[in-house]
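# Coordinate analysis (summary)
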Amino acid sequence: MSLDKEVTEYTSKTARSRALHEEAVAVMPGGNSRTTTFFDPYPFYFQRGQGAHIWDADGVERLDFNGNYTSLVLGHAHGDVVKAVQGVAENGLSFPGPTEHEIRLAEAITRRMPSLESLRFTNSGTEATMNAVRLARAFTGRPKIAKFEGAFHGTHDWVMVSVSPDPKAAGNRKRPKPVAWSAGIPPAVLKHVVVLPWNDQEACAEILAKDGEQIAALIVDPILCNAGLISPADGFLPWLREETQRRGIVLIFDEVISFRVAWGGAQERFGVRPDLTTLGKIIGGGLPVGAFGGRRDIMALYDPRQGGARISQGGTFNANPVTMAAGLATLNALTPEAYARLDALGERLRGGVSRLLTATRRKGQVSGVGSLFWLHWTTEKLTDYRSARPKDGETPLRVFMGLVNEGILMTQRGLGAIALATSDEDADRFVNALARVVARQ
Ligand SMILES: Cc1ncc(COP(=O)(O)O)c(C=O)c1O
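Nothing here was measured: the structure is a model prediction, and the numbers come from that model.

The rules behind each value
Per chain, residue numbering runs from 1 following the sequence as it is written. The model is predicted, so local features are restricted to residues of pLDDT at least 70 and side-chain atom pairs to those at 80 or more, both for listing and for counting; the totals for chains, interfaces and linings are taken over all residues. Values shown for side chains rest on all heavy atoms present in the structure; no hydrogens or waters enter the calculation. We count a stretch as a helix when DSSP gives it H or I for four or more residues in a row; a strand needs E for two or more, and each element gets its number in order from the N terminus. A 1.4 Å probe rolled over the protein chains alone gives each residue an accessible area, and that area as a share of the maximum for its type sets the label: buried under 20%, exposed over 50%, partly exposed in between. The reported arc concerns the directions from the helix axis to the C-beta atoms and nothing else. The contact criterion used throughout is that any non-hydrogen atoms of two residues lie within 4.5 Å. A molecule or strand has a residue near it when one of that residue's heavy atoms lies within 4 Å. Here a polar contact is recorded for every N or O atom pair within 3.5 Å, except that within protein the pair must consist of a potential hydrogen donor and a potential acceptor, and residues adjacent in sequence are included only if both atoms are side-chain atoms. Put simply, Ala, Val, Leu, Ile, Met, Phe, Trp, Tyr, Cys and Pro go in the nonpolar bin, Asp, Glu, Lys and Arg in the charged bin, and everything else, Gly too, in the polar bin. Between any two strands, at least two bridges found by DSSP are needed for them to pair. To get an axis, fit a line to the C-alpha atoms, keeping to the stretch in contact for a helix; angles then go from 0 to 180 degrees between the N-to-C directions. Helix crossings fall into two classes, left-handed where the near helix is turned counterclockwise from the far one by less than a right angle and right-handed where it is turned clockwise. Among the buried residues, those of types Ala, Val, Leu, Ile, Met, Phe, Trp, Tyr and Cys that are joined through side-chain atoms within 4.5 Å form a nonpolar core. Source of the domain bounds: an automatic or database domain assignment. Only Phe, Tyr and Trp rings are paired, with Trp represented by its six-membered ring, and only when their centres lie within 6.5 Å; those with planes under 30 degrees apart are stacked, over 60 edge-to-face, the remainder tilted. Criterion for a charge above a ring: Arg CZ or Lys NZ at most 6 Å from the ring centre, at most 35 degrees from the ring normal. Along the chain, pLDDT gives the predictor's confidence residue by residue, from 0 to 100.

Further remarks concern unusual backbone geometry. With an omega of 0 degrees, the peptide bond running from Asp40 to Pro41 counts as cis. Of note, the phi angle at Leu224 is positive, near 40 degrees, even though the residue is not glycine. You can see Leu224 is positioned in the loop between β7 (215–220) and α10 (236–247). Overall, the relative accessible area of 1% leaves Leu224 in the buried class. A positive phi angle, close to 50 degrees, is found at Leu229, a residue other than glycine. As for its position among the elements, Leu229 is in the loop between β7 and α10.

As C-alpha cells, then:
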C-alpha cells in the first residue's frame, strides 16, 4: 500500500481529530506546540491512556510504543504515580521555595548514579543540557563544546547543530562540518560547536587533538538514541572518558533517554563515569522535568552560599512538588526486577521483528537496548549517524502510518519504547501488526 493509501485510511478513521486540528490551526502555527509530534495531514488527538493502551478522540484504541517519546516507562496512569500526584496536589501545586519532595527525588537519583554527587532540577531535558553546557564553560573557561553528528540534546541553540544534517552539507564523514538544525541559529554558534563522528575513535582523536584546548565539554548520548539507537562500539565510551580527562574536557552524558536502559542508566550499563549527567523524561513520571548534576566541585558553581553562585539558575516551576512526587513514585516502581522485565520484553519484540524480516526477506533490521528499539529499512551495518540515516525517507513514514492504521503508535522515524505495563501478548501484537504492514507494502 502506498503512503497515500495509508493516509486515506487514517483520515477515514480520525474525523474528530481532523475537526480538532482545524480548530487548532486557527490559534497555533500548524495547530500544535510540538514540532516532533506533528505528522501530515494531522496527528490524532489523545483522549485517554491506561497502561500500554491509548484512546484517540474518535474512541479508537491503540497500543502505545511511543510512551511520550520514551518518558512513560511504567505506562499511562500508573496507580502509584497517580496517587502520589493527587496526594501532593491537594496540598498546593507549587511554592516560591523548596519542599522535602525535591530532596527525596534527588536522593533516589544519586543512589542510582554515584557519579551524580550533587544535582539540580529543571523543567525539561533542554534546560538540563543548556545548564550543563554553560556549567562546563564556566568551570573550564573554554569557549567551545563538542557533540556527535546525529545526536539530539534538546532545543537550545548550542545543541541544535548537526542533529540530522544532509551529508552533502556536512562534508567529510571523518571531519563533519557543523550544520545548523534550525533557522535562527547564529553563525557564532556554529563557530563554537565541534562535531564528531560516532564510533570513529581515530577521527575523534584527530579532531580533539586539533581543537581540544578550546573545548569545554563533550556532550554524549551514550546510545545515540535519536539517530537510530546506535550502541557504542566496544571500548569507545571508556576511550572518550580517558581522552576527555587527559584534555581537561568535561564529559557530559546526556541520559535523558538512556537512563531507561538500566537501574543506574547507561553509565552503569557501560561502566563509564562521566563528570556531569543530564536527565529528563522518566524521572518526572510523566510531568515536565529535567535534572543535571555530577562532580561536586563542578556543581559548586551553582552554590549560592557564602558570597553567591557563579551561575544563576532560575525556573519558576523547578522542582515543583507534584513533579518530584511523580518522579519518586516512578523510580520506586523501577526496581531491578522491573528492568529485567523491560529487557525481556525488548528482546521478545526485537527477536520477533528480526524473525519477521528474515522470513519475509525484507531489507531491514532492528537496533536497540533494553526497552528501546528502532526499525531500520536497510541491511547496511549501523555504526554512526550516516549509516543509520534512511536513504529513502518515505519508508519509515509509510511503516509508521501503516502501524497507526493497525492500532500501534511508535515514533515517525522508527524509534519505539516499551512500557512496563506492556504484556508479552502486546509485544507479539506489535510484531503481527508489522507483519501485516510489511505484507501490504
Ligand atoms: C537525549 C535527549 N536530550 C535532551 C532532550 C530534551 O528533553 P526535553 O524534550 O525534555 O526538553 C531529549 C528529548 O527528547 C533527548 O532525547
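Here the focus is helix α1 (residues 3–13). Every α-helix winds through 3.6 residues per turn, so residues three or four apart in the chain are directed the same way. Regarding α1, the residues found buried are Leu3, Glu6 and Tyr10. The buried residues of α1 occupy an angular sector of 65 degrees when projected down its axis, which confines them to one face. Residues of α1 that are exposed and point over 90 degrees away from its buried face: Asp4, Lys5, Thr8 and Ser12. The elements touched by buried residues of α1 are α16 (394–405) and α17 (424–440).

What follows covers the site of the ligand. Taken together, the neighbourhood of the ligand is formed by Ser124, Gly125, Thr126, Phe152, His153, Gly154, Asp221, Asn226, Asp254, Val256, Ile257 and Lys281. A distance of 2.8 Å separates an oxygen atom of the ligand from a polar atom in the backbone of Gly125. The contact in question runs from an oxygen atom of the ligand to an N or O atom on the side chain of Lys281, over 2.9 Å. In terms of residue class, the shell around the ligand is made up of three nonpolar, six polar and three charged.

A separate point is the sheet that holds strand β6 (residues 193–196). Strand order in this open sheet of seven strands is β4-β10-β9-β8-β7-β5-β6, and the pairing throughout is mixed. Both outer strands of the open sheet, β4 (118–122) and β6, are each paired with one neighbouring strand and no more. Here the strands of the sheet are splayed against their neighbours by 20 degrees on average, with no regard to which way each runs. Strand direction decides the pairing type here: β4 and strand β10 (residues 290–294), joined by five bridges, are antiparallel. Residue pairing in the sheet places Phe121 in a bridge with Ala291 of β10.

Our focus in this paragraph is the sheet that holds strand β2 (residues 53–56). Read across the sheet, four strands follow the order β1-β2-β3-β13 without closing on themselves; strand pairing throughout is mixed. The outermost strands of the open sheet, each flanked by one partner alone, are β1 (46–50) and β13 (408–409). One ladder, built from three bridges, connects β2 with strand β3 (residues 61–64); its direction is antiparallel. When the bridges of β3 are listed, Ile54 appears paired with Arg62. Its contacts with the sheet place α17 against β2, β3 and β13, and it is angled at close to 105 degrees to β3.

What follows deals with the packing of helix α5 (residues 100–112) against helix α13 (residues 321–333). Closest axis-to-axis distance for the α5/α13 pair is 8 Å, and the angle between their directions is 35 degrees. When you trace α5 past α13, the crossing you get is left-handed. Mapping the contact onto sequence places His101, Glu102, Arg104, Leu105, Ala108, Ile109 and Arg112 in α5 and Pro321, Met324, Ala325, Gly327, Leu328 and Leu331 in α13. Broken down by class, the residue content of the contact of α5 with α13 amounts to eight nonpolar, two polar and three charged.

Core analysis: the largest hydrophobic core is formed by 31 residues, its most contacted members being Ile109, Phe121, Leu279, Ile283 and Leu334. Looking at this core, the elements that each hand over two or more residues are α4 (79–89), α5, β4, α13 and α14 (336–359). For this core, the element with the highest residue contribution is α13, accounting for seven residues. Mapping this core onto the domain boundaries places at least three of its residues in each of domain 1 (3–73 + 336–440) and domain 2 (79–333). Apart from residues no more than four positions distant in its own chain, Leu279 is found in contact with Ile109, Met113, Leu116, Gly125, Ala128, Glu255, Val256, Phe259, Gly290 and Ala291.

Our next topic: the packing of aromatic side chains. Taken as a whole and judged by the stated rule, the model has 13 aromatic pairs. Considering the side-chain rings of Phe65 and Phe430, the 5.1 Å spacing of their centres and the 65 degrees angle between planes classify their relative orientation as edge-to-face. On the criterion of sequence distance, the pair formed by Phe65 in the loop between β3 and α3 (67–70) and Phe430 in helix α17 is long-range, its members being 365 residues apart. According to the relative accessible area criterion, Phe65 is buried, its value standing at 1%. The interplanar angle of 65 degrees and the centroid separation of 5.9 Å between the aromatic rings of Phe148 and Phe236 together place this pair among those described as edge-to-face. Taken together, the positions of Phe148 in strand β5 (residues 144–148) and Phe236 in helix α10 put the pair 88 residues apart, joining distant regions of the chain. You'll find Phe148 and Phe236 in the same group, each marked buried. One aromatic cluster is present, built from ring pairs that chain together Tyr10, Phe39, Tyr42 and Phe400. A cation over an aromatic ring shows up here: Arg48 above the ring of Trp55, its NZ or CZ 4.0 Å from the ring centre.

Examined against the element boundaries, Leu415 turns out to sit in strand β14 (residues 415–417). Residues Leu415 and Leu208, 207 residues apart in the sequence, show an inter-C-alpha distance of 31 Å. The contact partners of Leu415, leaving out residues within four places of it in the chain, are Phe65, Thr70, Cys225, Leu229, Phe373, Trp374 and Met410.

This part takes up the confidence of the model for the protein. Looking at the protein, pLDDT values average 97 and 100% of them are 70 or higher. Of all the helices and strands in the protein, α1 carries the lowest mean pLDDT, 95, while strand β9 (residues 276–280) carries the highest, 99.

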